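In case you want the letters, here they are:
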Amino acid sequence: MRPENEALVVVDVQNDFCPGGALAVAGGDAIIPEINALLRDYAVRVLTQDWHPASHASFADNHPGAAPFSMTEMPYGPQVLWPVHCVQGTPGAAFHPGLDADLGDLVIRKGFRPGIDSYSAFFENDRTTPTGLDGYLRSRGVSSLMLVGLATDFCVTYSALDAARLGFAVSVKMSACRAIDLDGSLAAACQQMMQAGVDLI
Ligand code: VGL
Ligand code: ZN
């Protein structure tokens, strides 16, 4: 068992991000055995869950004429318009049945405000509205994070960059992540993480 100052953060291992889901990431389910092994190894375990209302502003369907994976401008900056995914309470929003989600100490739900997307486990996409995870981890004495999950180039990277900015020592275990990779987004994400001092292992 790892020390109490190290937390595992499992990002968005949900049905809609796995093969057959609404925003499927290639091989998204292949990382689950490795994540389950990590969950047994860490003393502090957090799961995140993308959790949108049907009216969510990140859904292309809520922007007449817009195609999924096109870009739009939000008050907080550019935003990809996604297929409808992870709608609150639907099977697509549930954790993948193969994930040992019962081992999680805390589930952080994000993206529940209709007008703002939330990739990061720490902040909404305005980079200022907090989810509360920073306070939770600090009050448990955590200083070091291991991030795994889906998708490498969106929710994992945003979480890693925010965590580094907040002063945590951050590692991402790449073999336990899978990417969406829109227009080179994976390479750009890895570049940004390395520049921020995130350890890609
Ligand atoms: C995610 C796109 C939209 C993710 C969530 O988990 O990486 N990507 N919502
Ligand atoms: Zn989402």
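The following paragraphs examine the structure supplied in this document. This structure is a prediction, so every number in the text was calculated from the model and none was measured.

Considerations on the nonpolar core
Piece 1. One finds Ala7, Val9, Val11, Leu147, Val148, Ala151 and Ala160 to be the most contacted residues of the largest nonpolar core, which totals 52 residues.
Piece 2. Counting residues per element, this core draws most heavily on helix α3 (residues 152–165), at seven residues.
Piece 3. Those residues in contact with alanine 7, other than ones at most four positions away along the chain, are Tyr42, Val44, Val46, Leu137, Val142 and Leu145.

Quick look at the environment of serine 118
Piece 1. By the secondary structure assignment, serine 118 is in the loop between β5 (106–110) and α2 (133–139).
Piece 2. The sequence separation of serine 118 and aspartate 50 amounts to 68 residues, and the corresponding C-alpha distance is 8.0 Å.

So, the sheet that holds strand β8 (residues 199–200)
Within a sheet, neighbouring strands are paired by backbone hydrogen bonds and run either parallel or antiparallel to one another.
Piece 1. Here we have six strands laid out as an open sheet, ordered β5-β2-β1-β6-β7-β8, and parallel in their pairing. Two strands in the sheet have a free side with no partner beyond their single neighbour: β5 and β8.
Piece 2. The sheet contact formed by strand β7 (residues 169–178) and β8 spans two bridges and is parallel. Directly across from serine 171, in β8, lies its bridge partner aspartate 199.
Piece 3. Against the sheet, α3 engages β1 (6–11), β6 (144–150) and β7, with an angle of about 170° to β7.

Reading the values: rules and limits
Residues numbered from 1 in each chain as written. Chains lettered and ligands numbered in written order. Predicted model: local features only at pLDDT ≥ 70, side-chain atom pairs only at ≥ 80, totals over all residues. Core = buried A, V, L, I, M, F, W, Y, C linked by C-beta atoms within 7 Å. Buried ≥ 20, exposed ≤ 12 C-beta atoms within 10 Å, placed from the backbone. Helix = DSSP H or I, 4+ residues; strand = E, 2+ residues; numbered from the N terminus. Contact = placed C-beta atoms within 7 Å. Pairing = 2+ DSSP bridges. Axes fitted to C-alpha atoms, helices over the stretch in contact; angles between N-to-C directions.

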